[in-house]
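# Chains, contacts and geometry: an overview
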Amino acid sequence: MQASRARLFKEYKEVQREKSADPDIQLVCDDSNIFKWTALIKGPSETPYEGGVFQLVFAVPEQYPLQPPQVRFLTKIFHPNVHFKTGEICLDILKNAWSPAWTLQSVCRAIIALMAHPEPDSPLNCDSGNLLRSGDVRGYQSMARMYTRLAASPKIG
């Protein structure tokens, strides 16, 4: 557990130092628990998620970095690899392709890449996956854009 704390403190310092280096990701550690983090990520450009800001929550295990963090979307998102109700994410690096070389910041980058390049053959959201698998890209993009506007658009005022 001591090694995981040291690694998380190192990542925390790196995030503080490089805040402006990656404007699409805002990673924040819980004030009272180094094993709980949240992130705000911007939807990638030229996707139906563009203009949206999505909140992720991280539960980091005590065996980190030997085991991956549990990450899920708190913001509703219409995406084949995200469970619509729970926010669970189907991404190989969060399961069997995890490597201790990954950081929380790089996990956020991988999630942004997944948003831009969905994998409809391993869906957690079957409706979204079926639209893409049947070739109805327009239908998928329309639904994804609608949910981005409803759930992930910054509120003004």
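Within every chain, residues take consecutive numbers counted from 1 along the sequence as written. For a predicted model such as this one, the threshold for reporting local features is a pLDDT of at least 70, and the threshold for listing and counting side-chain atom pairs is 80 or more; totals across whole chains, interfaces and linings nevertheless cover every residue. Hydrogens and water molecules were not included; the side-chain quantities draw on all heavy atoms of the structure.

To keep it simple, the criterion reads: UniProt positions are given in the numbering used here, feature names are shortened, and annotations may be inferred rather than shown by experiment.
Identification of the protein as E2 ubiquitin-conjugating enzyme from Nepenthes gracilis is taken from an unreviewed UniProt entry. Note on the protein: under the UniProt heading Sequence similarities (unreviewed entry), the record states "Belongs to the ubiquitin-conjugating enzyme family."

### Topic: a nonpolar patch on the surface
Our working rule: Put simply, a patch holds well-exposed residues, over 30% relative accessible area, that have no salt bridge, with like charges counted together within 9 Å and Val, Leu, Ile, Met, Phe, Trp or Tyr side chains within 5 Å. Only the protein chains shown count as cover for residues, and all accessible areas are computed by the Shrake-Rupley method using a 1.4 Å probe. Salt bridge, as used here: a side-chain nitrogen of Lys or Arg that lies within 4 Å of a carboxyl oxygen of Asp or Glu. Secondary structure counts use DSSP, requiring at least four H or I residues in a row for a helix and at least two E residues in a row for a strand, with both numbered from the N terminus. The cut-offs for exposure are 20% and 50% of the maximum accessible area for each residue type, with area from a 1.4 Å probe on protein chains only; residues under the lower value are buried, those over the upper are exposed, and the others partly exposed.
Among the surface-exposed residues, Met143, Met146 and Leu150 lie close enough to one another that they form a single nonpolar patch of about 270 Å² accessible area. Along the chain, Met146 turns up in helix α4 (residues 137–152). Taking the relative accessible area as the measure of exposure, Met146 reaches 36% and is therefore partly exposed.

### Description of the UniProt feature "domain: UBC core" (unreviewed entry) in the protein
Per the UniProt entry, the sites bearing "domain: UBC core" (unreviewed entry) are residues 3–153 in this numbering. Between the end C-alpha atoms of residues 3–153 there is a gap of 38 Å, over a span that is 34% helix and 15% strand.

### Considerations on the packing of aromatic side chains
Condition: A pair of aromatic rings is counted whenever rings of Phe, Tyr or Trp (Trp by its six-membered ring) have centres within 6.5 Å, and the orientation is called stacked for planes under 30 degrees apart, edge-to-face for over 60 and tilted otherwise. Lysine and arginine charges are scored as sitting over a ring when NZ or CZ, respectively, is within 6 Å of the ring centre and within 35 degrees of the ring normal.
Following the criterion strictly, the structure yields 7 aromatic pairs and no others. Geometrically, the ring pair formed by Phe54 and Phe73 is edge-to-face, given 6.1 Å between the ring centres and 90° between the ring planes. Of the two residues, Phe54 sits in strand β3 (residues 53–59) while Phe73 sits in strand β4 (residues 70–73), which places them 19 residues apart along the sequence. When sorted by exposure, Phe54 lands in the same class as Phe73, which is buried. Between Phe84 and Tyr147, the ring centres sit 5.0 Å apart and the planes meet at 70°, which makes this aromatic pair edge-to-face. Note that Phe84 is positioned in the loop between β4 and α2 (104–116) and Tyr147 in helix α4, a separation of 63 residues in sequence. On the basis of relative accessible area, Phe84 is assigned to the partly exposed category, the value being 28%. Here a set of aromatic residues connected by ring pairs shows up, and it is made of Phe78, Phe84, Tyr140 and Tyr147. It is Lys76 that lies over the ring of Phe84; its NZ or CZ is 5.2 Å from the centre.

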